[in-house]
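Letter by letter, the chains look like this.
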Amino acid sequence: MEVRLNPVEFAKSMMKKKKQLIPIPIVLDNGIAGIVYGYYEGKDFYYLDC
């Protein structure tokens, strides 16, 4: 499952759990690329939505 966190929730979670941050590149249809930052907790992927 993927869980979207807002910046405040993401920062609080990272401070509490000390997980390794994983950058994941995403390419959109029009060729623009972006990076989503997140971490795994078990099978769940928590990511920053902004």
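Here, the structure is the one placed above.
Residues numbered from 1 in each chain as written. Predicted model: local features only at pLDDT ≥ 70, side-chain atom pairs only at ≥ 80, totals over all residues. Heavy atoms only, no water.

Student: Could you give an account of the overall build of the chain, naming the residues involved and the relevant values?
Tutor: Helix and strand content of the chain: one helix and four strands. Overall, the chain shows an N-to-C arrangement of helices and strands of β-α-β-β-β. Principal-axis analysis of the C-alpha atoms gives the chain an extent of 35 × 20 × 15 Å. Sorting the 50 residues of the chain into buried and exposed places 18% on the buried side. Here the contacts in the chain between residues at least 6 apart in sequence split such that 42% fall between residues at least 24 apart. Surface exposure of the chain reaches about 4100 Å², of which carbon and sulfur atoms provide 59%. Positive and negative side-chain charges in the chain, numbering 7 and 6 respectively, have mean positions lying 10 Å apart. (Helix = DSSP H or I, 4+ residues; strand = E, 2+ residues; numbered from the N terminus. Buried < 20%, exposed > 50% of the residue type's maximum accessible area, 1.4 Å probe, protein only. Contact = heavy atoms within 4.5 Å. Areas by Shrake-Rupley, 256 points an atom, 1.4 Å probe, with all protein chains shown as cover. Lys, Arg positive; Asp, Glu negative; His and termini not counted. Charge placed at Lys NZ, Arg CZ, Asp CG, Glu CD.)

Student: So, helix α1 (residues 7-17): which residues are in play, and what are the values?
Tutor: Every buried residue of α1 is listed here: F10, S13 and M14. For α1, the angular spread of the buried residues around the axis is 100°, confining them to a single face. Away from the buried face of α1 by more than 90 degrees, exposed residues V8, K12, M15 and K16 are located. On its buried side, α1 packs onto β1 (2-5), β3 (33-41) and β4 (44-48). Between the side-chain oxygen of the N-cap and the backbone nitrogen of V8 there are 3.0 Å, and the N-cap of α1 in question is N6. Looking one or two residues past α1, K18 carries a phi angle of roughly 55°, positive in sign. (Arc of directions from axis to C-beta. Polar contact = N/O pair within 3.5 Å; in protein donor to acceptor, adjacent residues only side chain to side chain.)

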